[in-house]
Every structure is written in C-alpha cells, then in structure tokens.
Amino acid sequence: MTTEIEFGLNSFGDVPSDAGRTLTDPETVRLLVDEAKLAERVGLDVFSLGEHYREGHVDSATPVLLAGIATATERIRLGTAVTVLSTNDPVRLYNEFSTLDALSNGRAQLVLGRASQTQSFPLFGYELEDYEHLFEEKLDLFMKLQREMPTTWQGTVRSPLTNQTLHPTMRPGGIPTWIGVGGSPESVVRAARYGLPLMLAIIGGQPERFAGHVDLYFRALEQFGLPRLPVGQHALGLIADTDEEAAETWWRSWEPLVTQMGRERGFYPPTRDRYELELATGALFVGSPETVAQKIVRMTDELQINRFDLKYDIGGLPVDARARTIELFGTRVAPRVRELLAEKADDREQQPVGATHE
Amino acid sequence: MSEPTPSLPTVGILGAGKVGTVLSRLLLSAGYRVLIAASGDPSRIALIVDVLAPGAVALTAAEVAREADVVILALPLGKYRSIPADLLEGKLVIDAMNYWWEIDGIRADLDDPRTSTSELVQDFLPASRVVKAFNHMGYHDLDEGPSAAGAADRKAIGIAGDDDAALTEAAALVDAAGFDPVRVGTLRDSVSLQPHSELFGANLPAAGVRDAAARFSSTERGREVAAARAGAPALRPR
Ligand SMILES: NC(=O)c1ccc[n+]([C@@H]2O[C@H](COP(=O)([O-])OP(=O)(O)OC[C@H]3O[C@@H](n4cnc5c(N)ncnc54)[C@H](OP(=O)(O)O)[C@@H]3O)[C@@H](O)[C@H]2O)c1
C-alpha cells in the first residue's frame, strides 16, 4: 500500500503553440527551462525530459537541457523519461550525468529504456532488430560504471574498458536509475535483476492490467534477494479547471498525434468513442484536479505506485494550457492525492484488529 | 485456476511476451492445458509464467511444438524462420504475428502487399495448417475484452485460413478465449487483418469486423493491395 508519493513532470520537448502560432525550436527549448522553474515553484519533485529525434520535439540533447535547468533551479530533481540506452554510449552517458549531478548538487536521475521511439537507431548507425542485445549489454556496462569504479568491462557493443576511472566520478552507488518498461514482462524481470526501480509507461488501455507486472516485479525482487523498490507510473495528461475544458483541449492535440502514429504503424485514426473510454477508464489523465487526483489514488491501490509522472506536453498544445497543467498538478493535484492517501491510512488504522480487506 | 479439461486440445504458445502471456491466461481460464516457450531456456520465463499465466507450463520452443496439438505463434514476425517447422507437421498453427518495423526492423519481404505475412508463414510450415487469428487486436484489448458467448457487445476476432476444418478448430479456440470468431477469408485475404487495414487495431463486435472485412477491397489499402497483386507476381521466398 502506498503512503507516500512523489510527483514528476515529464516532457518530450513537444513544440507548443501560442495564440495560434507554433513556437520555434529555440523558443521551445527556452520554454522548457521556464516550465521546469514553474514545476519547482509549485512544489513538484522531479522534472524529466525524454530523448527524441523527430520534428516537433526539441529534447534531443537531454543532458544539455537538464544542465541549463539545473543552473536555473535549486530543489527540483532532474531526470529523463526515457533515455534510449540502446543507442547511447554508456561511458558518454555516465560523463554527462555525473556532470549534471555535480552541477545540480546531487539532483540528477535517469530512467533507462530499450527504445520508445526508433529514430535514434538509423541516426546513430544501429540496427533496430539489435535493440534487445544493445540494451542488455549497455545496461550491464552502465550499472557497472555506477557501482564499481574503476571499471573493467568487455562486451560486443563497444570497446572494452580496463581499470577505467571516469571524471567527475559519481557519488558512491551512482545516481537514482530507473528502468522504463512498456509491457514486456522480460523487461520487468530485468529491472528486478539489476535491483533498479520500475517505471511503467502506460499510454493506452486500462492501467490496472499492469497489476500483474507489478506483482511480477515484486516476486522477482524477492527471488533475487532484494528489498522492495519503488514503482512509478508515467502517464499522459492535462489538467484544467473543468473536465470538459481538459477533454476538449487535449483532444485537439491528441487526435492528430495518434492519427499520425497510426499512419506510421498501420492502424486507423482514433475515434471520439475510444477517446472517451481512455478518459473514463483508460490511461489518459485528463481532467479537473479532482478527477486526476482520484485517478492517481486509484493507481496507488491497483499498481502500488509511489511515484506518478505526468507527461504534460503534446504537440501543438497552447503554452498556457501547459502552464496551467503544471500549476494545477503542483498546487491542487499533488496535495489532494496526499490528503486522500493520508485519509486512507487513517481509515486503515481505525480498522478493528482482525478485520481484513482482501 | 481451473483444472485443464481433458477433452480439449493442448495449446502451445511460442512467445512469452505481452501477447503470449495474455493468450495463455485466456485459454487457461477456458480450461485448456497451455504450454509456453520463449526463445531460450524455460527457466528464464519460469517466474513470468508463474505470475502472469499461472498454470501454464514453461518448456523449450521445440518441446512446445512437439507436445501441443495446436500451436499459437506469438513471437516477433521477423523471427518466424526460427520456428521449429518439422515439429509442427500436421498441426493447426495459429498465426498471431504482425510485421512491426519497430521490432522487426525494416524488412521489404514482410511488407510486400502482394503476399500476406501468414502466407509466408504457411510457406515456411508447408506441412501445417495455418490460420491467422488474434493478430489484429491490441494485447490490452485482448486482455480486457473477453466475455461469455452470447454476451451483448461481445468483441470479435477476425480469422482467415485456407482449410475449412482448421478454421473451425481455430474458431472454437477464439470463442473459448472469449471472442466471437469472424471468418474473413483465405490466408491471401488475411492482408485485411494486417497493419494498414481498417481491422488492424480493431476492437469491435462481430458485425463491425464483418463489415470492415467486407469493405476492405474498396478502401485505399484494399485498392493498393489489389493493384500490386495485379502486377508482377509476388516473391515468396522459401
Ligand atoms: N503487442 C500487441 O499488442 C500485439 C497484438 C497482436 C499481435 N501481436 C504480435 O504478436 C507477436 C508478439 O508480440 P508481443 O508484443 O507479445 O512481443 P514481446 O512482448 O516482445 O514478446 C515476444 C516473445 O517472443 C519470444 N520469442 C522470440 N523468438 C522466439 C522463438 N524463436 N521461439 C519462441 N519464442 C520466441 C520472446 O522471447 P525471448 O525474450 O526469449 O526472445 C518473447 O517472449 C508479434 O508478432 C506481434 O506483432 C502483438
């Protein structure tokens, strides 16, 4: 059961609009710094950026952007959502994030994934069908660098290292590193095997169906002799003053995005019915602060999450809708979720001895 | 978990990922004995099977192919040539695979409108009876969607194949899993269940699946497939 929860804000560097005008890429880059500052001001715990290499996204040089944000903020932790480890060099990644961690005074963290988007493979000269092997070996090296320095390592995906020390060196044990998974049970077991917390990327369908994955994760940790580790959920959404406003604003950006994705992958455009279903019982966290807070609390029950990350940007969304989401997430949703969790904890304490829920 | 019903065929599933574990669950709860494999040693998926498909038996792919009466293919299509073809002789093989370039890489051979990918699979398994099924519905809809036969708004799965008896057996399996089976034609016609077709991703009741299959030839994709097929003969690698 969840009693404490952290809130993260995720951006894929989506280019927004402002009064009907599409922002330029450089404007979007600067906006992200302002949004991270706003996230800090409203009390959110983490600000994380993705890694994409396509039109409409400016989050290609994630650590550079995070470094900029680091010097403009003081408390908020800075992470990724997700870093495509398969096409990164783990040594380079280590250097970037040890530097970020130094610069931000210990606020750096990472979520590592196999491949949520595929553009980095041809761009950096990798074969898509190798993604599994690339990820496995690179994770092995990256965790070794974080956990045993100097590092000796040998593999097939890059040149070997012999007694190598990197600088700046990370704090002992490295920075908080999560594994992002999209539903593959094997990735869940891998996160447990490395003793890394699990970030569930749930972008469609009923989130409850991941309960089995959470169970699998806990069982795997147990089998590897490790203590329980945090589980997080990455979700898409928008918070506005009313449910209707949120639903309409999100639909205007979501519908063309999913239509485009469908064109690339071979499925038909989303229907309004399907959208309404995603709002009501599915993976979208779109609504008023109360609606979104209630849905998050439901996730703490169903999925035992102790971290909830909201991806608040989606192509073409007006800048003020983004700002409003961040503000309401920090000032209304987060406190409301904590309040509801505290109430539930009280209820539990007041249960007579011997009473059971399950 | 229910005990397997002895009169039912034993189902083997190749692939213990998102789709393989969901189909295992559905068929286990319908009373089938389910054997499941990934690419490697069964010990690697023991925990996954235990938690996500309790009751299924984890074996090697060869063991599953040998021991099962019916085998469902739930592995990446790009790896279809690693299926133990000789062990599947004479069996019903249900192809739930799709060409998904993000996993399979860019493969012209799997993306040729002249040939359905299930025809490629049938060619690779010449002594098996291949039926396409369970491919067009997203795994989360498969997971959330099953309901009892006759239920209002029961969701349907399009199936396609060349052998009538095989289609009947496959239909029984789809029905047992919790969906109305809808025949949409031969393996050649199964392009209408593949990516780029209206049915791909569809989570509809039987009438919706039937209608979408019927209008396939008049859709943009249907015309593209017809035009490609009217031209040069398809390349079907052996
Ligand atoms: N995802 C969906 O919503 C969906 C829906 C309908 C159909 N499909 C199709 O179903 C298939 C599986 O998709 P998925 O999403 O379940 O993928 P997945 O989660 O990546 O799982 C693939 C599974 O196949 C196994 N595998 C690989 N090579 C194998 C081999 N030679 N023999 C036996 N098992 C092997 C993998 O095991 P290792 O880890 O050992 O490689 C893994 O367990 C694909 O063809 C896909 O297009 C997917």
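The sections below set out a description of the structure shown in this document. (Residues numbered from 1 in each chain as written. Chains lettered and ligands numbered in written order. Predicted model: local features only at pLDDT ≥ 70, side-chain atom pairs only at ≥ 80, totals over all residues. Heavy atoms only, no water.)

Overview of the overall build of chain B
So, step 1. Looking only at helices and strands, one finds nine helices and eight strands in chain B.
So, step 2. In terms of overall size, chain B behaves like a compact globule, its C-alpha atoms giving a radius of gyration of 17 Å where 238 residues would be expected to give roughly 18 Å.
So, step 3. Relative to its 238 residues, chain B shows a buried fraction of 52%.
So, step 4. About 9,500 Å² of surface is accessible on chain B, with carbon and sulfur atoms providing 54% of the total.
So, step 5. Counting 23 positive and 31 negative side-chain charges, chain B places the averaged centre of each group 3 Å from the other. (Helix = DSSP H or I, 4+ residues; strand = E, 2+ residues; numbered from the N terminus. Rg over C-alpha atoms; globule rule 2.2 N^0.38 Å. Buried < 20%, exposed > 50% of the residue type's maximum accessible area, 1.4 Å probe, protein only. Areas by Shrake-Rupley, 256 points an atom, 1.4 Å probe, with all protein chains shown as cover. Lys, Arg positive; Asp, Glu negative; His and termini not counted. Charge placed at Lys NZ, Arg CZ, Asp CG, Glu CD.)

Observations concerning the overall build of chain A
So, step 1. Counting its regular elements, chain A contains 11 helices and 14 strands.
So, step 2. Computed over C-alpha atoms, the radius of gyration of chain A comes to 20 Å, within 12% of the 21 Å expected from 2.2 N^0.38 for 358 residues, which places it in the range of a compact globule.
So, step 3. Seen through its principal axes, chain A has C-alpha atoms that stretch 60 × 60 × 45 Å.
So, step 4. Counting the 358 residues in chain A, one finds 55% classified as buried.
So, step 5. Sequence-distant contacts in chain A: of pairs separated by 6 or more residues, those separated by 24 or more amount to 72%.
So, step 6. With the model as given, the accessible surface of chain A reaches about 15,000 Å², and the carbon-plus-sulfur share is 51%.
So, step 7. Each charge class in chain A was averaged separately, 36 positive and 52 negative side chains, and the resulting centres sit 2 Å apart. (Contact = heavy atoms within 4.5 Å.)

Describing the site of the ligand
So, step 1. Near the ligand, the surroundings consist of 24 residues, among which E186 of chain A together with S39, L75, S82 and Y139 of chain B are the closest.
So, step 2. Each of chains A and B places residues next to the ligand.
So, step 3. In this structure, G17 of chain B approaches the ligand through a main-chain N or O atom, which is 3.2 Å from an oxygen atom.
So, step 4. Contact distances for the ligand include 2.6 Å between a nitrogen atom and a side-chain N or O atom of S82 of chain B.
So, step 5. Notes on the ligand: free accessible area 900 Å², of which the protein chains cover 84%. (Near = heavy atom within 4 Å. Polar contact = N/O pair within 3.5 Å; in protein donor to acceptor, adjacent residues only side chain to side chain.)

Details of the interface of chain B and chain A
So, step 1. If you look at the interface, chain B gives 28 residues, while chain A gives 29 residues.
So, step 2. Of the roughly 2,500 Å² buried at the junction of chain B and chain A (both faces included), carbon and sulfur atoms supply 58%.
So, step 3. Sorting the residues of chain B by area buried against chain A places L47, W101 and E102 of chain B first, and these three jointly supply 23% of that buried surface.
So, step 4. Residue R219 of chain A is joined to D50 of chain B by a salt bridge in which the shortest nitrogen-to-oxygen separation is 2.6 Å.
So, step 5. Going through the elements one at a time, helix 1 (18-29), helix 2 (46-52), helix 4 (101-104) and helix 6 (139-144) of chain B are the ones with two or more residues in the side of chain B that touches chain A.
So, step 6. For the side of chain B that touches chain A, the class distribution of residues is 11 nonpolar, eight polar and nine charged. (Buried area = accessible area lost by both parts, 1.4 Å probe. Salt bridge = Lys/Arg side-chain N within 4 Å of Asp/Glu carboxyl O. Nonpolar A, V, L, I, M, F, W, Y, C, P; charged D, E, K, R; others polar.)

A short note on the nonpolar core
So, step 1. With 131 residues, the main nonpolar core has F47, I296, F308 and F329 of chain A together with I72 and F134 of chain B as its most contacted residues.
So, step 2. Non-local contacts of F134 of chain B, meaning those with residues more than four positions away in its chain, are made with L23, I72, I94, A96, L142, I157, L173, V174 and A177 of chain B.
So, step 3. Listed in part, the 24 residues of the second largest apolar core include A37, V93, L120 and V121 of chain B. (Core = buried A, V, L, I, M, F, W, Y, C linked by side-chain atoms within 4.5 Å.)

Brief notes about the side chain of S184 of chain A
So, step 1. In this fold, S184 of chain A is placed in the loop between strand 10 (177-181) and helix 6 (185-193).
So, step 2. What makes S184 of chain A buried here is its relative accessible area of 11%.
So, step 3. Excluding anything up to four places from it in sequence, S184 of chain A contacts R114 of chain A together with K18 of chain B.

Some words on the pattern of salt bridges
Residue and element names in this part refer to chain A.
So, step 1. Within this structure, the stated rule accounts for 38 salt bridges over all chains.
So, step 2. Linking K311 and D14 is a salt bridge whose minimum nitrogen-to-oxygen distance equals 3.1 Å. A residue pair is termed long-range when its members are at least 10 positions apart, and K311 in strand 14 (residues 307-311) and D14 in the loop between strand 1 (6-11) and strand 2 (17-18) qualify at 297 residues. No difference in accessibility class separates K311 from D14, as the two residues are buried.
So, step 3. The network of salt bridges with common partners includes R114, E132, E136, R190 and R193.

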